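Examination of the molecular architecture
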Amino acid sequence: MVHRTDVNCVLKGRLFHDRREIPVETIRIRYVNDQIERLTYIEGKSDWIDLRAAEDVEMKKGEFRLISLGVAMELPEGYEAHVVPRSSTFKNFGLIQANHMGVVDSSYRGDNDIWHFCALAVRDTQIHVGDRICQFRIMKNQPRIVFEETAHLEGCDRGGFGSTGRR
């Protein structure tokens, strides 16, 4: 799908008007409950979209829990979603994402394929319905790759792992 829009920009103090096509992907979404705010894409702010807890959760330090995000989506073919904590998730809730980054591929698309946040509590905490605990973006799938074995690489050595120092 292509969306036509008028784009105005200022360059070196002069206003330019450009009519161009901007591709738009459509994602079908099912909300599990009516308690969470509907997802929106905010043009120009960030291409990461916040996800909210769809349930009240109380966790003790050291406890693991899958927190429902209250949505199931049909991602476009050839795309996957990357789900990561928001920058404030650790500070506000004492949670880390146990699987570091969640990856949702486009085959996870049924009514019961509800997205979750894999949370590990580092302190006692409470999460309420509607709390923004993570964010996602969609990315094109990696292209097909062929590995070519070689005895030597042509690139310059940087000195190995951890070689750039502390400062």
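What counts, and where the lines are drawn
- Residues numbered from 1 in each chain as written.
- Predicted model: local features only at pLDDT ≥ 70, side-chain atom pairs only at ≥ 80, totals over all residues.
- Heavy atoms only, no water.
- Pairing = 2+ DSSP bridges.
- Helix = DSSP H or I, 4+ residues; strand = E, 2+ residues; numbered from the N terminus.
- Axes fitted to C-alpha atoms, helices over the stretch in contact; angles between N-to-C directions.
- Core = buried A, V, L, I, M, F, W, Y, C linked by side-chain atoms within 4.5 Å.
- Buried < 20%, exposed > 50% of the residue type's maximum accessible area, 1.4 Å probe, protein only.
- Contact = heavy atoms within 4.5 Å.
- Patch = residues over 30% accessible without salt bridge, like charges linked within 9 Å, V, L, I, M, F, W, Y side chains within 5 Å.
- Areas by Shrake-Rupley, 256 points an atom, 1.4 Å probe, with all protein chains shown as cover.
- Salt bridge = Lys/Arg side-chain N within 4 Å of Asp/Glu carboxyl O.
- Polar contact = N/O pair within 3.5 Å; in protein donor to acceptor, adjacent residues only side chain to side chain.
- Phe/Tyr/Trp six-rings, centres within 6.5 Å; stacked < 30°, edge-to-face > 60°.

With that settled, consider the sheet that holds strand β6 (residues 64-68). Read across the open sheet, the three strands follow the order β6-β11-β9; overall the sheet is antiparallel. Two strands in the sheet have a free side with no partner beyond their single neighbour: β6 and β9 (95-97). Strand-to-strand twist across the sheet, computed as the mean angle between neighbouring axes with direction ignored, equals 40°.

Let us look at the sheet that holds strand β13 (residues 132-140). Here four strands make up an open sheet; going across it, the order is β4-β13-β8-β10 and the pairing antiparallel. Whereas interior strands pair on both sides, the edge strands pair on one side only; in this sheet they are β4 (49-52) and β10 (102-105). Across the sheet, the mean angle from the axis of one strand to that of its neighbour is 30°, orientation sign disregarded. In this structure, β4 lies alongside β13, joined through four bridges in antiparallel fashion. Each bridged residue has a counterpart across the sheet, and for Leu51 the counterpart in β13 is Cys134.

Moving on to the pairing of strand β11 (residues 116-121). Where β6 lies against β11, five bridges are found, and the strand directions are antiparallel. Bridge assignment links Arg65 to a residue of β11, and that residue is Ala119. As judged from the three bridges shared by β9 and β11, these two strands associate in the antiparallel manner. When the sheet's bridge partners are listed, Ile96 is paired in β11 with Leu120.

Let us now look at the nonpolar core. What tends to happen in soluble globular proteins is that the nonpolar side chains get buried as a cluster. The biggest cluster of nonpolar side chains holds 26 residues, and the ones touching the most others in it are Leu51, Ile67, Leu95, Trp115, Ile127 and Ile133. Where this core is concerned, the elements lending two or more residues are β4, β5 (57-59), β7 (71-74), β8 (79-85), β11 and β13.

Here the focus is the environment of Gln126. Structurally, Gln126 can be placed in strand β12 (residues 125-127). Classification of Gln126 by relative accessible area gives partly exposed; the value is 44%. Distance in space between the C-alpha atoms of Gln126 and Val57 is 5.7 Å, their sequence separation being 69 residues. Those residues in contact with Gln126, other than ones at most four positions away along the chain, are Val57, Glu58 and Phe93.

The grouping of Phe90, Ile96 and Val122 at the surface amounts to a nonpolar patch, some 230 Å² of accessible area in total. Residue position: Ile96 is located in strand β9. For Ile96, a relative accessible area of 35% gives the class partly exposed.

The next point concerns the side chain of His82. By the secondary structure assignment, His82 is in strand β8. Only 2.8 Å separates the side chain of His82 from the side chain of Glu80, close enough to count as a polar contact. Beyond its immediate chain neighbours, meaning those up to four positions away, His82 contacts Trp48, Met101, Gly102, Val103, Gln135, Phe136, Arg137 and Met139.

Within the structure shown, the criterion is met by one aromatic pair. Ring centres of Trp115 and Phe136 lie 5.2 Å apart, and the angle between their planes is 85°; on these two criteria the pair is classed as edge-to-face. Pair noted here: Trp115 is in the loop between β10 and β11 and Phe136 is in strand β13, with a separation of 21 residues, a long-range link. Here the two residues Trp115 and Phe136 agree in accessibility, since each one is buried.

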